[in-house]
2 protein chains.
Amino acid sequence: MSAASRISKRLVSTFTQRPTPPKSHLHSPLPSSSFPKGYILTGTHCGIKKKKPGIPDLALILSTSPHPTSAAACFTRNAFKAAPVLVSQQVLEGSGGRDVRALVVNSGCANAVTGKKGMEDAWGMVRAVDQLLEPPPSEGKNATLVMSTGVIGQNLPIDKIIKGIQSLSPKSPTTQEPKLASNFESWELAAKAFMTTDTFPKLRSRTFTIKGKEYRMAGMDKGAGMIHPNMGPPSGTGQLHATLLACILTDAAISPRSLQSALTYAVDRSFNSISVDGDMSTNDTIVVLANGAAAAAASQSQEEIDEETDKESYEIFKSELTAFAIDLAKLVVRDGEGATKFVTVSVHGAPTYEDAHKVASRISTSALVKTALYGEDANWGRILASTGSIPLSTPLLPHKVSVSFIPSDSTSPLPVLLNGEPEIVDEVRAKEILEKEEFEVRVELGMGDESAVYWTCDLSYEYVSINGDYRS
Amino acid sequence: MSAASRISKRLVSTFTQRPTPPKSHLHSPLPSSSFPKGYILTGTHCGIKKKKPGIPDLALILSTSPHPTSAAACFTRNAFKAAPVLVSQQVLEGSGGRDVRALVVNSGCANAVTGKKGMEDAWGMVRAVDQLLEPPPSEGKNATLVMSTGVIGQNLPIDKIIKGIQSLSPKSPTTQEPKLASNFESWELAAKAFMTTDTFPKLRSRTFTIKGKEYRMAGMDKGAGMIHPNMGPPSGTGQLHATLLACILTDAAISPRSLQSALTYAVDRSFNSISVDGDMSTNDTIVVLANGAAAAAASQSQEEIDEETDKESYEIFKSELTAFAIDLAKLVVRDGEGATKFVTVSVHGAPTYEDAHKVASRISTSALVKTALYGEDANWGRILASTGSIPLSTPLLPHKVSVSFIPSDSTSPLPVLLNGEPEIVDEVRAKEILEKEEFEVRVELGMGDESAVYWTCDLSYEYVSINGDYRS
């Protein structure tokens, strides 16, 4: 279009808002047999979400496995780490990932930028859960990790939370439902307690086999806004984004060290490869527990998977964990604030994986690309401008770059740029692909063999309205 | 607010759109005496903006000074440099910035990602202008720089452009107005020819004095979208953003080398410190010409300002150029696509200028911060999350960071975070400050003495609508 008509469009926009499609179909019952053995959990309303008494705001997850439970986690790399992040890091480091058996999660308040009081409150949640554990944690150790999400800069209503935790104790006299259990309803309640601006609980499970033995994995997460995670192992530093909380529970047995390395690998290719708004949170945390309960009985000893001693089993576990983490991560993008599109951005032919990941990230966070996706506009010029806007380990060669749109229905792709030269674009076909809720943007750099994938959504009116008055 | 009510808000948003305020008051006549001597220019409609015959889409600027004209420029660092960028770089390098006397600019088509044809067209524009020059450029040299802005991936209607250029020749037989001149109307027509989604022509002038001698400086620019420039000298590389075109003309005399170093300094603190949408363009270019015409007559020789031989004069010129570049850069942000706020983000107490600049840039590009600004919401948590989201040369110390909002009417600032601890925020006062069109976000890192400033705008519904259907 000419600049002139763009000016007139700017003054009198004819653009009509497309509402966010409902996402409820993304949540449905799962067979209890698909949940890992040896976990009891639930979600309850303890009073953090004052205005909605029915809505769960506290989740408690305990391993009841007779076998030792391994734990691993990745945390936000934001310099302003929330109290629960700092406390969970200390619990994990203090225990070496051994005998960490419980996880407590609250939504509605992030307990971030809350100073000393915030740290006391987070430790209070950990200790309150530790006291419920049978057998208790060994002397001077903690066995509980904590996660919080919600508004920044407000203190937790800690008394309500402690009461809430105690009311869930297996020993608790109160007859009040819900109780810790292992059925679908209890998993669903826990998942609901993770939610903030999420529109549906994010819960998935899967079974997998290692050397003929069957294991289970289930997990839940939440996201919606401030979503562009960059999480690392407890000691990690670097750049980061997004409030994302996730936990994955499995009944496999694996050493803490190997569990951490598998998780770090999986997170980089899943949660660290999604973006809703390119903003990174103070609370991002993903926790994995492996309780070895797949072994039929306490008597039946189960050998731990370890990267050093059994590489083959480790690689299978790592790929299962990565695939599952990707499933959970995609749910967050599908439920991104105001999202009307689910777009896969794949970058190929990069000299290094880091280069491919950087380009995919830049495209996935470009406001111009994301508004064009909302407008269902095959604006490859913006994709190209984003691609060229970050320095790579080797300078980009414009004449080698190709861009295409790939439909989700496996019909033929639409090339829009070939070796740096624009293709004559069939706009009808482009519309066909882009008006779908899901498609892929593929960028070929022609510089090497490395590739990376990012999952992102569009930038809509509703994103602006959700975030224009978040606190008010 | 509780997560629960946020969910309800998400489903039924009560958020109302605030329209972009009119910006026309930012353009008004300037006294001819304030324009630099020895330049003739104009803008005309040559037919690129098909749908709006009245709208200028071609600008021509010539120096008529009897003194040698120096030129310097900064160009986008995008890997996908548009043809006019590559051609102007070659012209500048071929001439060493000596005797470059003309600038031709078109809007409506960016001549970007247009392959060989694009390069031929850009060279064609340069040669067509060179042929108008008296005296002609010395053998084998070019004396004209070229800039283009508009849609990416389309070829220029080069015949129309060449005809347009020729019709402006002082020798041209055509009686058709407009002609090259040096009055306000001709400066205004040239500025209008820069515009794409801009809502007003961006033209400014100033006079300044060096060692008792008066000089003049005038310039024009355009922006609106894809605005987050990162431009460097011809040889520069690095990260970049935005379609920003600017030219600054002065009748001072300064050596090409010193003009380039002054411009590079000025651009980093002006055009490289603004953001509308964090996206970087393939065409960003800023050109400066210094024609020495302040000297009354050709006979009257004028000594060139040079960094080596006359540091004092150079420093005055550099600071004048920087202040003027900041004026022009701010206009781009005030006219940002959909912008309803003009926000200064100042970062203080950083260990290095680069650290301060990085933090200011990150805050200025955060979708969550920018939507909060649109919502007039004192959401310091998002400012903090952005501040902590990038690695600095020295790790950030959360307990030393303070954030405050500073009103534009010089009433008292509103601290929201003091040494890492949230203040009790007077929301009424916060609203007072944030509902104004202009205010400052001040971040103190408490780690050093360096500071940097960024100018940004909010992210509104209108930004989404403008960019949701840019091409259609």
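Scoring rules and cut-offs
- Residues numbered from 1 in each chain as written.
- Chains lettered and ligands numbered in written order.
- Predicted model: local features only at pLDDT ≥ 70, side-chain atom pairs only at ≥ 80, totals over all residues.
- Heavy atoms only, no water.
- UniProt positions renumbered as here; feature names shortened; annotations may be inferred.
- Helix = DSSP H or I, 4+ residues; strand = E, 2+ residues; numbered from the N terminus.
- Buried < 20%, exposed > 50% of the residue type's maximum accessible area, 1.4 Å probe, protein only.
- Contact = heavy atoms within 4.5 Å.
- Areas by Shrake-Rupley, 256 points an atom, 1.4 Å probe, with all protein chains shown as cover.
- Pairing = 2+ DSSP bridges.
- Axes fitted to C-alpha atoms, helices over the stretch in contact; angles between N-to-C directions.
- 1 Å grid on protein atoms, 1.4 Å probe; cavity = no way out; pocket = protein on both sides within 12 Å on 5 of 7 lines; lining within 4 Å.
- Points joined across faces, edges and corners; volume = space filled by probe spheres on them.
- Nonpolar A, V, L, I, M, F, W, Y, C, P; charged D, E, K, R; others polar.
- Lys, Arg positive; Asp, Glu negative; His and termini not counted.
- Salt bridge = Lys/Arg side-chain N within 4 Å of Asp/Glu carboxyl O.
- Polar contact = N/O pair within 3.5 Å; in protein donor to acceptor, adjacent residues only side chain to side chain.
- Expected span 1.5 Å × (residues − 1).
- Domains from an automatic or database assignment.
- Buried area = accessible area lost by both parts, 1.4 Å probe.
- Phe/Tyr/Trp six-rings, centres within 6.5 Å; stacked < 30°, edge-to-face > 60°.
- Lys NZ or Arg CZ within 6 Å of the ring centre and 35° of its normal.

Per an unreviewed UniProt entry, chain A carries the name Arginine biosynthesis bifunctional protein ArgJ, mitochondrial and comes from Jaapia argillacea MUCL 33604. Quoted verbatim from the Function (unreviewed entry) field of UniProt, the annotation for chain A is "Catalyzes two activities which are involved in the cyclic version of arginine biosynthesis: the synthesis of acetylglutamate from glutamate and acetyl-CoA, and of ornithine by transacetylation between acetylornithine and glutamate." Of chain A, the UniProt comment under Subcellular location (unreviewed entry) reads exactly: "Mitochondrion matrix".

Let us now look at the overall build of chain A. A count of helical and extended segments in chain A gives 12 helices and 17 strands. Taken over 472 residues, chain A has a buried fraction of 65%. For chain A, contacts bridging at least 24 residues in sequence account for 81% of all contacts bridging at least 6. Entry remark: accessible area of chain A is about 15900 Å², with carbon and sulfur atoms responsible for 54%.

Here we take up helix α10 (residues 380-387) of chain A. Buried residues dominate α10(A), accounting for eight of its eight residues. For α10(A), the set of buried residues is A:Trp380, A:Gly381, A:Arg382, A:Ile383, A:Leu384, A:Ala385, A:Ser386 and A:Thr387.

Right, let's get into the sheet that holds strand β13 (residues 402-407) of chain A. All names here are of chain A. Spatially, seven strands are ordered β10-β17-β12-β16-β13-β14-β15 in an open sheet, and the strand pairing comes out mixed. Where the open sheet ends on each side, the last strands, each with one partner, are β10 (274-275) and β15 (421-422). Where helix α11 (residues 427-434) meets the sheet, its contacts fall on β13, β14 (414-418) and β16 (438-444), and the angle it forms with β13 comes to roughly 60°.

Another point: empty space enclosed by the protein. All names here are of chain B. Scanning all chains against the criterion turns up six cavities of 30 Å³ or more. Put simply, the largest cavity is a space of about 40 Å³. No other element matches the three residues that helix α9 (residues 367-374) contributes to the lining of the largest cavity. Considered class by class, the residues forming the lining of the largest cavity number six nonpolar, one polar and one charged.

With that settled, consider the pairing of strand β13 (residues 402-407) of chain B. Residues and elements named next belong to chain B. Within β13, six of the six residues are buried, which leaves it mostly tucked inside the rest of the structure. Side chains Ser402, Ser404 and Ile406 of β13 all project onto a buried face; the interleaved residues Val403, Phe405 and Pro407 project onto the opposite face, where all are buried too. Bridging between β13 and strand β16 (residues 438-444) involves six bridges; their strand directions are antiparallel. Paired with Ser402 across the two strands is Glu444, which belongs to β16. Bridge count between β13 and strand β14 (residues 414-418): three bridges; the pairing is antiparallel. Each residue of the ladder has a partner; that of Val403, found in β14, is Leu417. Between β13 and β14, which follow one another and run antiparallel, lie six residues, and Ser410 among them has a positive phi close to 55°.

What follows concerns the UniProt feature "active site" (unreviewed entry) in chain A. Here, the residues flagged by UniProt with the feature "active site" (unreviewed entry) are A:Thr243. Mapped onto the elements, A:Thr243 comes out in the loop between β8 (231-232) and β9 (245-250).

A word on the side chain of B:Asp57. Residue and element names in this part refer to chain B. Positionally, Asp57 belongs in the loop between β1 (39-44) and β2 (58-63). Among buried charged residues, Asp57 stands out as having no salt bridge; its nearest opposite-charge side chain is Lys49, 6.4 Å away. Of the polar contacts made by the side chain of Asp57, one reaches the backbone nitrogen of Gly47; its length is 3.2 Å. Of the polar contacts made by the side chain of Asp57, one reaches the backbone nitrogen of Ile48; its length is 2.8 Å. Filtering out sequence-adjacent residues up to four positions away, Asp57 remains in contact with Thr44, His45, Cys46, Gly47, Ile48, Lys49, Val105, Asn106, Ser107 and Ala193.

Moving on, we come to helix α8 (residues 353-365) of chain A. Residues and elements named next belong to chain A. The end-to-end C-alpha separation of α8 is 18 Å, in line with the 18 Å expected for 13 residues at 1.5 Å each. Burial analysis of α8 places 10 of its 13 residues in the buried class, the great majority of the element. Taken together, the buried positions of α8 are occupied by Tyr353, Asp355, Ala356, His357, Val359, Ala360, Ser361, Arg362, Ile363 and Ser364.

The next point concerns the domain arrangement of chain A. Residue and element names in this part refer to chain A. Along its sequence, chain A is carved into domain 1 (27-334) and domain 2 (342-468). Put simply, the middle of domain 1 and the middle of domain 2, counted by C-alpha atoms, are 33 Å apart. In this complex, domain 1 contributes 15 residues to the contact, which on the side of domain 2 involves 14 residues. Where domain 1 abuts domain 2, roughly 1300 Å² becomes buried across the two surfaces, and 59% of that area is made up of carbon and sulfur atoms. Considering only the surface of domain 1 that becomes buried against domain 2, Ser273, Val333 and Arg334 emerge as the three largest contributors, covering 33% of it.

All names here are of chain B. Tracing the sequence through the fold places Pro413 in the loop between β13 and β14. With 16 residues separating them in the primary sequence, Pro413 and Arg429 have C-alpha atoms 9.6 Å apart. Filtering out sequence-adjacent residues up to four positions away, Pro413 remains in contact with Phe405, Ile406 and Pro407.

Next up on the list: the sheet that holds strand β5 (residues 144-151) of chain B. Residues and elements named next belong to chain B. Taken together, the four strands give an open sheet; going across it, the order is β1-β2-β4-β5, and neighbouring strands pair in mixed fashion. For this open sheet the edge positions go to β1 and β5, each flanked by a neighbour on one side alone. Strand-to-strand twist across the sheet, computed as the mean angle between neighbouring axes with direction ignored, equals 10°. With six bridges joining them, β1 and β2 adopt antiparallel strand pairing.

This part covers the environment of B:Pro84. Structurally, the position occupied by B:Pro84 is in helix α2 (residues 83-95). Sequence-distant contacts of B:Pro84, that is, excluding residues within four places in its chain, are made with B:Ala110, B:Asn111, B:Ala122, B:Val146, B:Met147, B:Ser148 and B:Asn283.

Enumeration according to the criterion identifies 11 aromatic pairs over all chains in this entry. Seen from their ring centres, B:Phe35 and B:Trp187 are 4.6 Å apart, and the 10° between their planes marks the pair as stacked. With B:Phe35 in the loop between α1 (3-11) and β1 and B:Trp187 in helix α5 (residues 184-193), this residue pair connects regions lying 152 residues apart in the sequence. The residues B:Phe35 and B:Trp187 share a single accessibility class, namely buried. Connected via pairs of aromatic rings, a cluster forms that spans A:Tyr374, A:Tyr461, B:Tyr374 and B:Tyr461. Seen from the ring of A:Tyr265, A:Arg269 lies directly overhead, with NZ or CZ sitting 4.0 Å from the centre.

All right, on to the pattern of salt bridges then. Pairs can form between side chains of opposite charge once their charged atoms are near each other. Residues and elements named next belong to chain A. The full count for this structure, using the stated rule, is 40 salt bridges over all chains. The residue Lys311 makes a salt bridge to Glu315 at a minimum N-O spacing of 3.4 Å. Of this pair, Lys311 and Glu315 both sit in helix α7 (residues 311-334), four residues apart, roughly one helical turn. Look at Lys311 and you get partly exposed, because its relative accessible area is 44%. Connected through shared salt-bridge partners, Glu307, Lys311, Glu315 and Lys318 make up one network.

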